[in-house]
Amino acid sequence: MAGDFEVIVAGLGAMGSAAAYHLAASGRRVLGLDRFQPPHTLGSSHGLTRIIREAYFEHPLYVPLVQRSYQLWAAMEEKSGRKLLLPTGGLMIGPPDGVLVSGAKRSAQEHRLAHEVLSSSELRRRFPVFAPADNMIAVWEPRAGILFPELAVESHLKLAAEDGAVLRFNEPVRKWEVDGGGVRVFTETSIYHAKRLLLSAGAWMSDLLPGLKLPLRVERQVLFWFEPRSRPEQFQPQHCPIHLWEYAPHQFFYGFPDLGDGVKVAFHHQGENTDPERVRREVDAQETETMRQLLRRFLPAAEGRLKSATVCIYTNTPDEHFILDYHPVHREVIIASPCSGHGFKFSPVIGEIAATLLNDQTPAFDLTLFRAGRFAAGK
C-alpha cells in the first residue's frame, strides 16, 4: 500500500477540487488523484468563464443550492485573495412559453427572487446590442454573473493542500474495490487505501463505475470568442450582462461580455457524442459559420473577427440533472458528477455536500433530483 487515508477523491476538476478543500478543511486525511494536472483544457472546467445564475430554469430545487454557492464563492474569494465572481446581471431570453423563460419565472416566483420581465422592445432599449425576435421576452435577474473556472479550481486545490490534502496529478485511477476496512484504489503506479472514496471523474465516470451501467453521454462543445464588429463599448461588463437564449424550442446558446478576450458565445448542448479519450479538438469552419448565423440574428454587433475557439466536454444524464449520491451497493463510495453542462456554478456547494456525506452527516438540501437509483433498470 502506498498510503492510508480517510478519503480518496478520484478526479480533481470542479467538483473534486471543491470536495478536497472542504474535506481537508474539516480535518480529514485526504488524497486527491487526477489523470491530468488541473486546471487543464481536456475536461469540463476550462474556457476562462462560466455563468452563475439564480432564477434557475432547470428546476426550482436548484435555487437553494446556488444561493449557498454564492456564499461559498464569497468565502473562497476572501480566503484565497482572488476575484472569482464578477456580477453582471443576467438575461434569460426566449418565447414566453419556452422552457427557458417559463422555467426562470417559475424559480423566481417560487423563491421570491428579485427579477424583471422585459418585452422584446424593452430589452432592445436597455441593451442595444441584443436583437431579440418580436415574440421573445426576457427574465432579468440582478445577481447573475461570471465565474473564473481555472482560478477557482486552482484556488480550491491550493487551499486543500495548505490544509493537508495530498494531491497526486497525472496519476489516473484505473479501478477500485471495497474491502473489509474501506476502499482500495489502484492507479498505474500505486495502490492506496481509504475508509471512503469520492468519484468525481466527470467524463471518465463510466470507466470507474462499469458495474452500474449509468446512461451517461459525453458531448463535445465548442466555445467561440469574437471581436465585436461595432459598438465594442456596449460589450463591456458594465453594459452587457451574461445572456442565455432559447432561439428555437429546446435549443439554446449563451454569451458573455467582452473581458478582453472577445465576446464569448457557445451552444448549450446540441454537440456531437464523443469519448473523452478521442474528442475532436479542432474547430472547423462550418461550426464557426453556424454560430455566426445565430449572431447575425440576435447579436449582430458581436459578429466580427473570430479571435479564438476551443473545445470542452459535457457529461450528460438523460434528464440533465446531476448525480450526487451514495453508490447504490457500496455506501463507502459517493458519486459526485456528472453535471450535464450546468454544474460549475454549484461546485463549492457540491463539494461541501460531498464532504458532509463522507463525514456521515445529513446535508441541509433536498437531493432527490440527484439520486443514482433513478437510472436503475426499468425506471
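This report concerns the structure included in the present document. (Residues numbered from 1 in each chain as written. Predicted model: local features only at pLDDT ≥ 70, side-chain atom pairs only at ≥ 80, totals over all residues. Heavy atoms only, no water.)

1. Thoughts on the overall build of the protein chain
In terms of regular secondary structure, the protein chain is built from eight helices and 19 strands. Over its C-alpha trace the protein chain gives a radius of gyration of 21 Å, about what one expects of a compact globule, namely 21 Å for 379 residues. Based on the C-alpha atoms only, the size of the protein chain along its principal axes is roughly 65 × 50 × 45 Å. In the protein chain, which comprises 379 residues, the share counted as buried stands at 58%. Restricting to contacts in the protein chain with at least 6 residues of sequence separation, those with at least 24 account for 74%. Split by element, the accessible area of the protein chain, about 15200 Å² in all, is 49% carbon and sulfur. For the protein chain, the centre of its 42 positive side-chain charges and the centre of its 43 negative side-chain charges are spaced 1 Å apart. (Helix = DSSP H or I, 4+ residues; strand = E, 2+ residues; numbered from the N terminus. Rg over C-alpha atoms; globule rule 2.2 N^0.38 Å. Buried < 20%, exposed > 50% of the residue type's maximum accessible area, 1.4 Å probe, protein only. Contact = heavy atoms within 4.5 Å. Areas by Shrake-Rupley, 256 points an atom, 1.4 Å probe, with all protein chains shown as cover. Lys, Arg positive; Asp, Glu negative; His and termini not counted. Charge placed at Lys NZ, Arg CZ, Asp CG, Glu CD.)

2. Things to note about unusual backbone geometry
In this structure, P39 follows P38 across a cis peptide bond, with omega equal to 0°. When you line up the elements, P39 lands in the loop between β2 (30–33) and β3 (50–52). That bond from S337 to P338 is cis: its omega, 10°, falls within 30 degrees of zero. Residue position: P338 is located in the loop between β19 (333–336) and α8 (347–358). Not every positive phi belongs to a glycine, and R112 is a case in point at roughly 55°. Take R112: it is sitting in the loop between α3 (99–110) and β6 (116–119). You will see that R231, though not glycine, has its phi angle at about 50°, which is positive. For R231, the position within the fold is in the loop between β13 (217–226) and β14 (242–248). Under the relative-accessibility criterion, R231 is labelled partly exposed at 40%.

3. Quick notes on the packing of helix α2 (residues 62–80) against helix α5 (residues 149–162)
Between α2 and α5, the least distance of the axes is 11 Å, while the angle of their chain directions is 65°. Crossing handedness for the pair α2 and α5: left-handed. For the pair formed by α2 and α5, the contact residues are W73, M76, K79 and S80 on the first element and A152, S155, H156 and L159 on the second. Along the lines of polarity and charge, the residues of the contact of α2 with α5 split into four nonpolar, three polar and one charged. (Axes fitted to C-alpha atoms, helices over the stretch in contact; angles between N-to-C directions. Left-handed = near helix turned anticlockwise from the far one by under 90°. Nonpolar A, V, L, I, M, F, W, Y, C, P; charged D, E, K, R; others polar.)

4. Overview of α2
For α2, spanning 19 residues, the distance from its first C-alpha to its last is 26 Å, which sits close to the expected 27 Å at 1.5 Å a residue. Residues of α2 that are buried include every one of Y62, V63, L65, V66, S69, Y70, L72, W73, M76 and E77, and no others. Positive backbone phi, at 75°, marks G81, one or two positions downstream of α2. (Expected span 1.5 Å × (residues − 1).)

5. So, the sheet that holds strand β7 (residues 137–141)
Taken together, eight strands build an open sheet; the order of strands is β6-β7-β5-β14-β15-β16-β13-β17 and the sheet is mixed. Among the strands making up the open sheet, the edge pair consists of β6 and β17 (306–316). Averaged over all pairs of adjacent strands, the angle between their axes in this sheet comes to 20°, without regard to strand direction. By the bridge criterion, ten bridges tie β13 to β17 in an arrangement that is antiparallel. Note on β17: the bridge partner recorded for R217 is N316. Sheet strands touched by helix α7 (residues 285–298): β13, β14, β15 (251–255), β16 (263–268) and β17. Its angle to β13, the strand with the most contacts, is close to 60°. (Pairing = 2+ DSSP bridges.)

6. Topic: the packing of α2 against α8
Running from amino to carboxyl end, α2 crosses α8 at an angle of 100°, the nearest separation of the two axes being 7 Å. Classified by the angle their axes make, α2 and α8 are roughly perpendicular. Here L65, R68, S69, L72 and W73 of α2 lie close against α8, whose contacting residues are S347, P348, V349, E352 and I353. Broken down by class, the residue content of the contact of α2 with α8 amounts to six nonpolar, two polar and two charged. (Parallel < 35°, antiparallel > 145°, perpendicular 65-115°, else oblique.)

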